[in-house]
Amino acid sequence: MGEISTCKKCATQTRVPRTGWVYRNVEKPESVSDHMYRMAIMAFVTEDKHLNKDRCVRLALVHDMAECIVGDIAPADNIPKEEKHKREKEAMKQLTQLLSEDVKKEIYDLWEEYENQSSAEAKFVKQLDQCEMILQAFEYEDLENKPGKLQEFYDSTAGKFSHPEIVQLVSELTAKRNAKIAAGTSELHS
């Protein structure tokens, strides 16, 4: 393992809140590490025999690592994709600098694979990333008893799901959410 300073940087990731939730005044927003952990579990339970499950779990665990240094840059921050990628690339180099060459290369290569969407596994994990986001949005709407409050997160994922397992999960989630929204609307008109 690398020096303690690298561990401290990675440990801060457990406290970096997801920016989208902070901007929407969500109480106790999930952290970047909460997000990555749930994605890793989702990857672990996939039943798709065509995907390398171990690789999917690793991609999920690495895909947002740079955010412990650069923060969770959201679309609302109006930072161009190229600049975001540049900052995250530098952060990944900084995070991995004290690791052995083999581990450094593995982590950096996984991050680049995800960033470039260069494999079926990276594409699956990208869909998990967006699926986890709307699953979290659903949970926040439910916790706050404000069905429909976080619609923009759902809108941002429209048409982006193609993996059968994820499509099914999103379909079930959407049906459940729509029922809650309809019930909330009918309560308002009673």
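Note that residues are indexed from 1 along each chain, following the sequence as it is written. This being a predicted model, a pLDDT of at least 70 is required before a residue's local features are given, and a value of 80 or more before pairs of side-chain atoms are given or counted; all residues contribute to the totals for chains, interfaces and linings. The side-chain figures draw on all heavy atoms in the structure; neither hydrogens nor water molecules are used.

The name an unreviewed UniProt entry assigns to the protein is 5'-deoxynucleotidase HDDC2, from the organism Sarcophilus harrisii. UniProt positions are given in the numbering used here, feature names are shortened, and annotations may be inferred rather than shown by experiment. Taken verbatim from the UniProt record of the protein, the Function (unreviewed entry) comment is "Catalyzes the dephosphorylation of the nucleoside 5'-monophosphates deoxyadenosine monophosphate (dAMP), deoxycytidine monophosphate (dCMP), deoxyguanosine monophosphate (dGMP) and deoxythymidine monophosphate (dTMP)." The record in UniProt for the protein states the following under Catalytic activity (unreviewed entry): "a 2'-deoxyribonucleoside 5'-phosphate + H2O = a 2'-deoxyribonucleoside + phosphate".

K.L.:
Hey, could you go over helix α3 (residues 32–44) for me, with residue numbers and the actual values?
P.N.:
In DSSP terms, a helix is any run of H or I states spanning at least four residues, a strand is any run of E spanning at least two, and both are numbered starting from the N terminus. Given the number of residues in a helix, its expected span is that number minus one, multiplied by 1.5 Å. With 13 residues, α3 extends 18 Å between its outermost C-alpha atoms, agreeing within 8% with the 18 Å of an ideal straight helix rising 1.5 Å per residue. For α3, the complete set of buried residues consists of Val32, Ser33, His35, Met36, Met39, Ala40, Met42 and Ala43. A simple rule labels every residue: compare its accessible area, found with a 1.4 Å probe on the protein chains alone, to the largest value its type can have, and call it buried under 20%, exposed over 50%, or partly exposed in between.

K.L.:
Tell me what's going on with the nonpolar core, and back it up with residues and numbers.
P.N.:
By nonpolar core is meant a set of buried Ala, Val, Leu, Ile, Met, Phe, Trp, Tyr and Cys residues that side-chain atoms within 4.5 Å join together. Counting residues in hydrophobic clusters, the biggest one holds 42 residues, and the most contacted among them are Trp21, Met92 and Val125. Of all the secondary structure elements, the ones that give two or more residues to this core are α3, α4 (53–62), α6 (81–96), α7 (101–116), α8 (120–144), α9 (151–155) and α10 (164–188). With 11 residues, α8 is the largest single contributor of residues to this core. Between two residues, a contact is recorded if the distance between any of their heavy atoms is within 4.5 Å. If we ignore the near neighbours within four places in the chain, the residues touching Trp21 are Val26, Pro29, Glu30, Met133, Gln136, Ala137, Tyr140, Leu150 and Phe153.

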